[in-house]
Amino acid sequence: MAAVAATAATKGNGGGSGRAGAAGEGSGTRKKKGPGPVATAYLVIYNVVMTAGWLVIAVGLVRAYLAKGSYHSLYYSIEKPLKFFQTGALLEILHCAIGIVPSSVVLTSFQVMSRVFLIWAVTHSVKERGPFQVCVNPGALPDFVQSEDSVLLFVIAWTITEIIRYSFYTFSLLNHLPYIIKWARYTLFIVLYPMGVTGELLTIYAALPSVRQAGLYSISLPNKYNFSFDYYAFLILVMISYIPLFPQLYFHMIHQRRKILSRTEEHKKFD
């Protein structure tokens, strides 16, 4: 799950520029053949739609904030498009599997499914108020973890990240990539990655008491399959996994940023 926010700079599964986009761009002498014209047209349409979808989410957040005058529980204003477009990212696994995007199926699956998991198996599923929730108007909202302020934290980070990412892929496929978009993709993750990870961790932590109390998604012994599963313990393991993965991915992206942007500056000098 720590790879969730790494999409800010490493995910290449939507657009055709390759997994670990920096590596794809920096291969230099050996470039893989791009997708055919039909696949390219499809990928352009897919990325345009996804860019528009995340823009709808961004506009929805701003409009809800202006209408309410508060940032609390803004999740409800964009819940449906968020679930739709984040779940729609599952198509990116298919893109890798059929070869129209030269990215790792395993890594892409991990990155996409980790977000889908957080949206559906945590934010959507946990029905009790967590320890960090600010209840501005008691009784007006159900006691869902969706009302946690930490949810808004990762939603904002995801929204900005995905608008930049899908725009990057769209313009890359059209061979007209503005430098500002390239710069944003390899720079804003410096803030967005820690922001997203913080929101994700706090949201999972807020869900733990309710998961434990309700036994959500847990399987107890004895049963005919002689199998047990503790969802509460699983979520704790997910949180622990951030400890080794976060710094590794973060500093990898810092390294990729230096390599890609410095190469861009060199090209500018020659031009």
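Residues numbered from 1 in each chain as written. Predicted model: local features only at pLDDT ≥ 70, side-chain atom pairs only at ≥ 80, totals over all residues. Heavy atoms only, no water.

Novice: Quick rundown of the overall build of the chain? Include the residues and the values.
Specialist: Scanning the chain from N- to C-terminus turns up 9 helices and 0 strands. When burial is assessed residue by residue, the chain has 47% of its 271 residues classed as buried. Contacts spanning at least 24 positions in sequence make up 77% of the contacts within the chain whose residues lie at least 6 apart. A total of about 13500 Å² of accessible surface is found on the chain, and carbon and sulfur atoms cover 68% of it. (Helix = DSSP H or I, 4+ residues; strand = E, 2+ residues; numbered from the N terminus. Buried < 20%, exposed > 50% of the residue type's maximum accessible area, 1.4 Å probe, protein only. Contact = heavy atoms within 4.5 Å. Areas by Shrake-Rupley, 256 points an atom, 1.4 Å probe, with all protein chains shown as cover.)

Novice: Tell me about the packing of helix α3 (residues 75-88) against helix α6 (residues 149-173), residues and numbers included.
Specialist: To characterise two packed helices, one gives the angle between the axes of the helices and the distance between these axes. It is the contact of α3 with α6, at a shortest axis distance of 12 Å, that shows an interaxial angle of 50°. The pairing of α3 with α6 is recorded here as oblique in orientation. The chirality of how α3 crosses α6 is left-handed. For the pair formed by α3 and α6, the contact residues are Y75, I78, L82 and Q86 on the first element and V151, V155 and W158 on the second. Classifying every residue of the contact of α3 with α6 gives 6 nonpolar, 1 polar and no charged. (Axes fitted to C-alpha atoms, helices over the stretch in contact; angles between N-to-C directions. Parallel < 35°, antiparallel > 145°, perpendicular 65-115°, else oblique. Left-handed = near helix turned anticlockwise from the far one by under 90°. Nonpolar A, V, L, I, M, F, W, Y, C, P; charged D, E, K, R; others polar.)

Novice: An account of a nonpolar patch on the surface is needed here, citing residue identities and associated values.
Specialist: The grouping of Y42, L91, L94 and I98 at the surface amounts to a nonpolar patch, some 360 Å² of accessible area in total. Among the elements that line the nonpolar patch, the one with the most residues is helix α4 (residues 91-98), at 3 residues. Mapped onto the elements, Y42 comes out in helix α2 (residues 37-68). (Patch = residues over 30% accessible without salt bridge, like charges linked within 9 Å, V, L, I, M, F, W, Y side chains within 5 Å. Salt bridge = Lys/Arg side-chain N within 4 Å of Asp/Glu carboxyl O.)

Novice: Any chance you could break down the nonpolar core for me, citing the residues and the numbers?
Specialist: In terms of nonpolar packing, the biggest core is built from 46 residues, with W54, L82, V155, V211, Y231 and L235 touching the most fellow members. At the level of elements, α2, α3, α5 (105-124), α6, α8 (189-214) and α9 (231-270) are the ones that each hand at least two residues to this core. At 9 residues, α9 tops the list of elements feeding residues into this core. Sequence-distant contacts of Y231, defined by excluding residues within four places in its chain, comprise F117, A121, V122, V211, L216, Y217 and S218. (Core = buried A, V, L, I, M, F, W, Y, C linked by side-chain atoms within 4.5 Å.)

Novice: So what about unusual backbone geometry? Which residues, and what values?
Specialist: Across the junction of L221 and P222, the peptide omega takes the value 0°, indicating a cis bond. Topologically, P222 is positioned in the loop between α8 and α9. A positive phi angle, near 60°, is found at S73, a position not held by glycine. Classification of S73 by relative accessible area gives buried; the value is 9%. Phi at N226 is positive, roughly 55°, even though this residue is not glycine. Along the chain, N226 turns up in the loop between α8 and α9.

Novice: Now, about the packing of aromatic side chains: what can you tell me, with residues and values included?
Specialist: Scanning all chains against the criterion turns up 18 aromatic pairs. Between F168 and Y169 the ring centres are 5.8 Å apart and the planes differ by 80°, which places this aromatic pair in the edge-to-face class. On the basis of relative accessible area, Y169 is assigned to the buried category, the value being 0%. Ring centres 6.2 Å apart and planes at 20° place the aromatic pair Y231 and F234 in the stacked group. Of the two residues, Y231 and F234 both sit in helix α9, 3 residues apart, roughly one turn of that helix. Accessibility expressed as a relative area gives 32% for F234, which makes it partly exposed. Geometry around Y166 places R165 over its ring, the cationic atom sitting 4.3 Å from the centre. Above the ring of F168, the side-chain terminus of R185 is found at 4.3 Å from the ring centroid. (Phe/Tyr/Trp six-rings, centres within 6.5 Å; stacked < 30°, edge-to-face > 60°. Lys NZ or Arg CZ within 6 Å of the ring centre and 35° of its normal.)

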